[in-house]
Protein chains: 6
Amino acid sequence: MTDVTDRPTALDLPMVDPLPADTQKYFDICQDRLGMVPNVLQAYAFDIDKLNAFTAMYNDIMLGPSGLSKLEREMIAVVVSSINKCFYCLTAHGAAVRALSGDPMLGEMLVMNWRVADLDTRQTAMLTFAENITIASAKTTEADRDALRQVGFSDRDIWDIASLVGFYNMTNRVASATDMRPNDGYHSQAR
Amino acid sequence: MTDVTDRPTALDLPMVDPLPADTQKYFDICQDRLGMVPNVLQAYAFDIDKLNAFTAMYNDIMLGPSGLSKLEREMIAVVVSSINKCFYCLTAHGAAVRALSGDPMLGEMLVMNWRVADLDTRQTAMLTFAENITIASAKTTEADRDALRQVGFSDRDIWDIASLVGFYNMTNRVASATDMRPNDGYHSQAR
Amino acid sequence: MTDVTDRPTALDLPMVDPLPADTQKYFDICQDRLGMVPNVLQAYAFDIDKLNAFTAMYNDIMLGPSGLSKLEREMIAVVVSSINKCFYCLTAHGAAVRALSGDPMLGEMLVMNWRVADLDTRQTAMLTFAENITIASAKTTEADRDALRQVGFSDRDIWDIASLVGFYNMTNRVASATDMRPNDGYHSQAR
Amino acid sequence: MTDVTDRPTALDLPMVDPLPADTQKYFDICQDRLGMVPNVLQAYAFDIDKLNAFTAMYNDIMLGPSGLSKLEREMIAVVVSSINKCFYCLTAHGAAVRALSGDPMLGEMLVMNWRVADLDTRQTAMLTFAENITIASAKTTEADRDALRQVGFSDRDIWDIASLVGFYNMTNRVASATDMRPNDGYHSQAR
Amino acid sequence: MTDVTDRPTALDLPMVDPLPADTQKYFDICQDRLGMVPNVLQAYAFDIDKLNAFTAMYNDIMLGPSGLSKLEREMIAVVVSSINKCFYCLTAHGAAVRALSGDPMLGEMLVMNWRVADLDTRQTAMLTFAENITIASAKTTEADRDALRQVGFSDRDIWDIASLVGFYNMTNRVASATDMRPNDGYHSQAR
Amino acid sequence: MTDVTDRPTALDLPMVDPLPADTQKYFDICQDRLGMVPNVLQAYAFDIDKLNAFTAMYNDIMLGPSGLSKLEREMIAVVVSSINKCFYCLTAHGAAVRALSGDPMLGEMLVMNWRVADLDTRQTAMLTFAENITIASAKTTEADRDALRQVGFSDRDIWDIASLVGFYNMTNRVASATDMRPNDGYHSQAR
């Protein structure tokens, strides 16, 4: 049975009840595999069109084919969220970095200050770009893209990095603007 | 016949060729109604899954049911893009504000400095929230949401405002990170 | 007959009435050549000494002999005003860039984000210096001046660039502090 | 005899030689009354038109009729220059505040951190406005002007404050961009 | 036996060897009670005078008599360190907040974004002051101190808050400047 | 006889009365040698343990053995305090730079904008590091430490620079948070 959070945000927007069969099935799979239905999904479930648009983009960006590993995508999520100080995203994606890397300290480092992590040239370039695009995207020039190409990223990879950075700059703002709360379960995961 | 931009971004990511029938039909409709296929769509068309995820979210946010008028949504798009100095989005959505409002100067004001526009209490609150969430989302508190409620926005409207602000903080970064260029046609629209 | 704006700023400072003959003649020439008396002149006309001091400096900086072309001076005006988000100056000098360059998109680019414009090395160096001096003048070192010399600017040109940047940092603040409004005519010029 | 500074800025722009009679007379008066020809005048004297435009504006703003006392104008000069960290202007106008107020510590406070000075409501409002216009002029609204009106400033005074803030935001940038150096004499004045 | 970290910072500054008897005894007590000798102590132990000065101030501020509870002092440590993004201090004092509060999520919230924590009026005022003093101490006015007095803090408490904020602004910079690394043990404490 | 300042801060925290013999003796020595008991000591003297902890650290950092000269330590004190705009520390340590260097203008330059001072490579690197650590310590990388090593600083010197920068970031905040006032005597020293 699905573990429903009473109110995943500060807004009074109850989930559609009952959920459409497809949505209920998706939530059941989440519950089964993750042990929870992530609150972001519960938050969007007041409007199934919005939920579907969000999950389609999330699944494409985080789970679709890419030259970036799943860990690298989660690393970008955490570094962007650290700059924006988004409690929801740091909690959920910090847990994912800990789990995917098998290195709990890496997760903590990316949450607190990514520059202390012992990263290779490729990941340093990737996170430097992510930081710059988050803070001052208008200052991007061809030199910034070339810095990524020089450590082996393809133009397709650059698109993916830009999309990830953009996506978490979106979710950080939606989560903080609505006071979205992460499921309690994340905190103790993969410590 | 579709007017194809040679390279809508600085990345070498050619469109799928030929486009799937559904996509071609969608582009033909754009060409027909707008006189152009917006370059953002051409940019995403190297990967149809990404294009579809983007257009689904865009259509929901900008065209779906909402307590915010279409003009108000475009106003948020421009104000967010002005803070982030996104050339693509300022050009495309600045044109939309000019067209929807029938007030070319309003479009210019929102591009240049929204505080000079003569807005009512509701729109001032909306754009103040949009500015705050763009610049420092982590500082949001219940008082910020209450400021919106006090001028008549519902919790559902607040979700929509947050989503719009988030969405353009995403697209601004994707556009600037890839040097996405707006179609020339926008510049002279609704002057 | 001169087209007098009712109140060019938010301050209640009516023009001297009647204007001295020299001032009236100057305004008539403006009306004749530009189709308007720029509101900044009307704003200063509550005190003829102030008006004369302003126009003397303006004319020297914008129209006097210099190694910088008139277009380049307007480009600096727009880039400085974009950083300071000055509605008056972006409107008036954005129109001037469009007119002098014959390239409406260049005007838009400089208003929105100068880094997207396709500039040569000289103009890139000039606008980089203008941006730096606007944002953090105290960090200027000899290396910054040498960067200008290396692309061909003389010491006299450097003075002129510094003066232009300084001048628009002044006018931006006077205009925004008083809510000065540009003449409507600028918006549609040279689109 | 005029005490000529070897090179008042980092730029190689020698004074017109000989100076026109009017300029020489003006410099002689400075030497006589101030014991120096301020380096800013020597710096501008490579071009007499520029010098005259600068001195006309300076004299109007600093010495012309105004609801602001000369000390208050110098206070604004120092506070603006402290934000911009302009060595020339802090030195010259810090000395002026010490001299005009007969309170050397007031000069130091305004150079270092104006909030520690024991100011009345009027001057606090004036310097708050000066700080805001210097840092973020585009955020000015009618409420900011009303805050000045409420402590007794007229609309004409508001213009003067805006002009002073603008003027020193100009000179700070010209001075720092050219590495202009203050005359040694200022340092020990009115301690 | 003491667990000695190979090199607690990026600097080549080995501990005095052998340690003076008093220092060795102090380290043994740490090992015994905490299960570790905090790396900050090992880092300072290249110079016993510096170590003693640091521990004397630390012990006074964190363990001495105060109107602030030990948890409140640790909360300030974490909030200051979050602003400065200090990996060492966030790790060590984040663990202390988790342990002292018995609320692991509170520790995470203060590390990530203190505004999401559910704090009472007193603690909100305390952390608001800590944030303001960390970011822009020169803007402090009597109103800021009064805001603390109004929620029940004495002048002595205000001194203590200021000292704590100051102290962690010191240690954050020493730790980040030298790449000081926290003992591994902190990460899993009190989860 | 000791010259006691009525209230060295805005807090009502009277000195222990009578002072312990050791403290009284220390204050007498200050009065004798400096002509004053620095207000910071009087401010801390409401609690002798805090006073002793502060003076122990101060004496170690400012007077203990180091590869940095006493002037260089004072230069760091002033540059850090200039960034933080701390009136107390700029006044006291600005006087120290003037006195130790025999160059009153150097003291003024460091208070106003250290980049205008004519410094050698070593001191420029030292103050650049001090500025960076003050503004954004979390961005420090090995390259920053290497820049110091390359101009001749040892790892021990780097520790000392970091400690000095940290210490004045502490005292600036304590002083500004409590409105600590410097003794009047500093202002006219070594002019």
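1. Quick word on the overall build of chain A
Secondary structure summary: chain A contains nine helices and zero strands in total. Walking chain A from its N terminus toward its C terminus, one meets helices and strands in the order α-α-α-α-α-α-α-α-α. The C-alpha atoms of chain A give 17 Å as radius of gyration, which agrees with the globular expectation for 191 residues (16 Å, within 12%). Across its three principal axes, chain A shows a C-alpha extent of roughly 50 × 35 × 30 Å. Relative to its 191 residues, chain A shows a buried fraction of 60%. Put simply, of all contacts in chain A between residues at least 6 apart along the chain, 67% involve residues at least 24 apart. Counting every atom, chain A has about 7,200 Å² of accessible surface; 51% of that belongs to carbon and sulfur. Between the averaged position of the 17 positive side-chain charges in chain A and that of its 25 negative side-chain charges there is a distance of 4 Å.

2. Some thoughts on the state of the cysteines
Covalently bonding the sulfur atom of one cysteine to the sulfur atom of another cysteine gives a disulfide. Residues and elements named next belong to chain A. Enumeration according to the criterion identifies zero disulfides over all chains in this entry. Here Cys89 is not disulfide-linked; the sulfur of Cys86 is the nearest cysteine sulfur, at 3.2 Å. By relative accessible area, Cys89 is classed as buried at 3%.

3. Structural notes on the relation of the copies chain B and chain A
Take chain B, turn it by 180°, move it 0.0 Å along the axis, and it overlays chain A with an RMSD of 0.0 Å. Such a combination of turn and shift is consistent with a two-fold rotation axis. Proximity to the rotation axis, assessed at the C-alpha, singles out Met170(B) in chain B; its C-alpha lies 2.6 Å from the axis.

4. Side note on the relation of the copies chain E and chain A
Least-squares fitting of chain E to chain A yields an RMSD of 0.0 Å, with the superposition described by an axial translation of 0.0 Å and a rotation of 180°. By residue overlap, the copies meet face to face through one surface: 100% of the interface positions of chain E are interface positions in chain A.

5. Some thoughts on the domain arrangement of chain A
Residue and element names in this part refer to chain A. Structurally, chain A comprises domain 1 (21-63) and domain 2 (70-177). Distance between the C-alpha centres of domain 1 and domain 2: 23 Å. Between domain 1 and domain 2, the residue contacts involve eleven residues of the former and twelve residues of the latter. Interface area for domain 1 against domain 2, summed over the two sides, is near 880 Å², with a carbon-plus-sulfur share of 71%. Of all residues in domain 1, Tyr58, Ile61 and Met62 give up the largest surface area on contact with domain 2, accounting jointly for 58% of the area buried on that side. Viewed at the interface, domain 2 and domain 1 are joined by zero salt bridges. Our count for the domain 1 to domain 2 interface comes out at four residue pairs in polar contact (both at pLDDT 80 or more). Of all the secondary structure elements, the ones that give two or more residues to the side of domain 1 that touches domain 2 are helix H2 (39-44) and helix H3 (48-63). Sorting elements by how many residues they give to the side of domain 1 that touches domain 2 places H3 first, with seven residues. Across the side of domain 1 that touches domain 2, the residue classes break down as nine nonpolar, one polar and one charged.

6. Digging into the packing of aromatic side chains
In this structure the tally under the stated criterion is 48 aromatic pairs over all chains. Aromatic side chains Tyr44(A) and Trp159(B) sit 4.9 Å apart centroid to centroid with 85° between the ring planes, which places their arrangement in the edge-to-face category. Taken together, the residues span two chains, with Tyr44(A) in helix H2 and Trp159(B) in helix H9 (residues 155-178). You'll find Tyr44(A) and Trp159(B) in the same group, each marked buried.

7. Examining the arrangement of the chains
What separates chain A from chain D at the closest point of their C-alpha atoms is a distance of 18 Å, and the two make no contact. Spatially, chain B and chain F are disjoint, and the shortest separation between their C-alpha atoms is 18 Å.

8. Digging into the pattern of salt bridges
Within the structure shown, the criterion is met by 84 salt bridges over all chains. Residues Asp160(B) and Lys50(A) are paired through a salt bridge, measuring 3.9 Å at the closest nitrogen-oxygen approach. Here the residue Asp160(B) occupies a position in helix H9, and Lys50(A) occupies one in helix H3, the pair thus bridging two chains. Accessibility classification places Asp160(B) together with Lys50(A) in one group, the buried group. Where Arg156(D) meets Asp160(D), a salt bridge forms, and the shortest distance between an N and an O atom there is 3.3 Å. Of this pair, Arg156(D) and Asp160(D) both sit in helix H9 (residues 155-178), four residues apart, which is roughly one turn of that helix. You can call Arg156(D) partly exposed: its relative accessible area is 22%. Through salt bridges with shared partners, one network takes in Asp47(A), Lys50(A), Asp60(B), Arg156(B) and Asp160(B).

9. Focus: the interface of chain B and chain A
Where the parts come together, the accessible area they lose is often given as the size of the interface. On the side of chain A, 47 residues touch chain B, which itself brings 47 residues to the contact. With both chains or domains summed, chain B and chain A bury close to 3,800 Å², and 66% of this area falls on carbon and sulfur atoms. Counting the surface chain B buries against chain A, the share from its top three residues, Met57(B), Trp159(B) and Arg173(B), is 21%. Connecting chain B to chain A are six salt bridges.

10. As for the packing of helix H5 (residues 87-101) of chain F against helix H6 (residues 104-112) of chain F
Residues and elements named next belong to chain F. Direction vectors running N to C along H5 and H6 enclose 145°, while the axes themselves pass 7 Å from each other. Handedness of the crossing formed by H5 with H6: right-handed. Across from Leu90, Gly94, Val97, Arg98 and Ser101 in H5, the residues of H6 making contact are Pro104, Leu106, Gly107, Glu108, Leu110 and Val111. The residue makeup of the contact of H5 with H6, split by class, is six nonpolar, three polar and two charged.

11. With respect to the environment of Cys30(C)
Residues and elements named next belong to chain C. Following the sequence through the fold, Cys30 ends up in helix H1 (residues 21-34). Each C-alpha atom, one on Cys30 and one on Leu41, is 9.9 Å from the other, the two residues being eleven residues apart in sequence. Those residues in contact with Cys30, other than ones at most four positions away along the chain, are Gly35, Met36, Val37, Pro38 and Leu41.

12. Side note on the packing of helix H7 (residues 121-136) of chain D against H9(D)
In a pair of packed helices, the angle between the axes and the distance between the axes together describe the arrangement. All names here are of chain D. At a closest axis distance of 10 Å, the pairing of H7 and H9 adopts a crossing angle of 45°. Here H7 is positioned oblique relative to H9, judged by the angle of their axes. Relative to H9, the crossing made by H7 is right-handed. Residues Met126, Phe129, Ala130, Ile133 and Thr134 of H7 touch H9, and the partners they reach there are Ile161, Val165 and Asn169. When its residues are assigned to classes, the contact of H7 with H9 shows six nonpolar, two polar and no charged.

13. Comments concerning the interface of chain E and chain A
Between chain E and chain A, the contact holds 18 residues from the first and 18 residues from the second. In total, chain E and chain A occlude about 1,900 Å² of area from one another, counting both sides; carbon and sulfur atoms represent 64% of this. Summed over the shared surface of chain E and chain A, the number is two salt bridges. For Arg191(A), the salt bridge identified is with Glu108(E), shortest N-O distance 3.0 Å. Where chain E touches chain A, the interface holds eight residue pairs in polar contact (both at pLDDT 80 or more). Residue assignment for the side of chain E that touches chain A shows that the elements contributing at least two residues are helix H4 (70-84), helix H5 (87-101) and helix H6 (104-112) of chain E.

14. Regarding empty space enclosed by the protein
Size it by volume and the largest cavity reaches roughly 140 Å³. Contributing elements (two or more residues each) for the lining of the largest cavity: helix H3 (48-63) and helix H9 (155-178) of chain C together with helix H3 (48-63) of chain D. Of the residues assigned to the lining of the largest cavity, the class counts are eight nonpolar, two polar and four charged.

15. Concerning unusual backbone geometry
Cis geometry marks the peptide bond from Asp17(B) to Pro18(B); its omega dihedral reads 0°. At Ala190(A), a position not held by glycine, the phi torsion is positive, near 55°. Mapped onto the elements, Ala190(A) comes out in the segment after helix H9 (155-178). In this structure Ala190(A) comes out as partly exposed when scored by relative accessible area, which is 34%. Notably, Lys85(C) is not glycine yet its phi reads approximately 55°, a positive angle. The class of Lys85(C) is partly exposed, set by a relative accessible area of 21%.

The rules we used
- Residues numbered from 1 in each chain as written.
- Chains lettered and ligands numbered in written order.
- Predicted model: local features only at pLDDT ≥ 70, side-chain atom pairs only at ≥ 80, totals over all residues.
- Heavy atoms only, no water.
- Helix = DSSP H or I, 4+ residues; strand = E, 2+ residues; numbered from the N terminus.
- Rg over C-alpha atoms; globule rule 2.2 N^0.38 Å.
- Buried < 20%, exposed > 50% of the residue type's maximum accessible area, 1.4 Å probe, protein only.
- Contact = heavy atoms within 4.5 Å.
- Areas by Shrake-Rupley, 256 points an atom, 1.4 Å probe, with all protein chains shown as cover.
- Lys, Arg positive; Asp, Glu negative; His and termini not counted.
- Charge placed at Lys NZ, Arg CZ, Asp CG, Glu CD.
- Disulfide = S-S within 2.5 Å.
- Least-squares fit on C-alpha atoms with pLDDT ≥ 70 in both.
- Domains from an automatic or database assignment.
- Buried area = accessible area lost by both parts, 1.4 Å probe.
- Salt bridge = Lys/Arg side-chain N within 4 Å of Asp/Glu carboxyl O.
- Polar contact = N/O pair within 3.5 Å; in protein donor to acceptor, adjacent residues only side chain to side chain.
- Nonpolar A, V, L, I, M, F, W, Y, C, P; charged D, E, K, R; others polar.
- Phe/Tyr/Trp six-rings, centres within 6.5 Å; stacked < 30°, edge-to-face > 60°.
- Axes fitted to C-alpha atoms, helices over the stretch in contact; angles between N-to-C directions.
- Left-handed = near helix turned anticlockwise from the far one by under 90°.
- Parallel < 35°, antiparallel > 145°, perpendicular 65-115°, else oblique.
- 1 Å grid on protein atoms, 1.4 Å probe; cavity = no way out; pocket = protein on both sides within 12 Å on 5 of 7 lines; lining within 4 Å.
- Points joined across faces, edges and corners; volume = space filled by probe spheres on them.

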